[in-house]
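# Structural overview
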Amino acid sequence: LELITLRVAGKRLGVEIGHVTEISTRLRPFPAPVTTPHIAGVLNLRGEVVTVLKLDVILGVERRRESAGQPKYVLLRCGDERAAVEVDDVEDVQEV
């Protein structure tokens, strides 16, 4: 099993690499009105609307000052569903 490791608010997380379709620092989500705090916004990704999730809010952890720089976006696919997650850093791929 290969995992891509991510950092969010000082926490190290892993996502199965087969679900990762793209990693970007250039994407910027558009605000989504009347949403819950764990949604950072939406992306228009080649004509497809993709929800961007804030993992720090979902996990209930507070981002540190040093991790509050330029966010990165990891785009994921699981079956027919797509989503993006906002992370502080993408580290590497590890086999477990």
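Overview of the structure.

The rules behind each value
Residues numbered from 1 in each chain as written. Predicted model: local features only at pLDDT ≥ 70, side-chain atom pairs only at ≥ 80, totals over all residues. Heavy atoms only, no water. Helix = DSSP H or I, 4+ residues; strand = E, 2+ residues; numbered from the N terminus. Pairing = 2+ DSSP bridges. Axes fitted to C-alpha atoms, helices over the stretch in contact; angles between N-to-C directions. Core = buried A, V, L, I, M, F, W, Y, C linked by side-chain atoms within 4.5 Å. Buried < 20%, exposed > 50% of the residue type's maximum accessible area, 1.4 Å probe, protein only. Contact = heavy atoms within 4.5 Å.

## Examining the environment of Leu59
Mapped onto the elements, Leu59 comes out in helix H1 (residues 55–59). Through-space distance from the C-alpha of Leu59 to that of His38 is 9.4 Å; in sequence the pair is 21 residues apart.

## A few points about the sheet that holds strand E7 (residues 81–87)
Spatially, E3-E6-E7-E5-E4 is the arrangement adopted by the five strands of the open sheet, whose pairing is mixed. Each edge of the sheet is formed by a strand with only one pairing partner; in this case those strands are strand E3 (20–24) and strand E4 (39–45). The sheet shows a mean angle of 25° between the axes of neighbouring strands, direction not considered. Pairing of strand E6 (residues 72–78) with E7, which is carried by seven bridges, proceeds in the antiparallel orientation. Note on E7: the bridge partner recorded for Arg77 is Arg82.

## Quick look at the nonpolar core
Counting eleven residues, the largest nonpolar core is built from Ile4, Leu6, Val8, Ala9, Val15, Val20, Leu55, Val74, Leu76, Val85 and Val87. For this core, the secondary-structure elements that each account for two or more residues are strand E1 (2–8), E6 and E7. Counting residues per element, this core draws most heavily on E1, which supplies three residues. Aside from chain neighbours lying at most four places away, what touches Leu6 is Lys11, Arg12, Leu13, Val15, Val74, Val87, Asp89 and Val90. By size, the runner-up hydrophobic cluster in this structure holds eight residues, among which are Leu27, Leu43, Leu45 and Val50.

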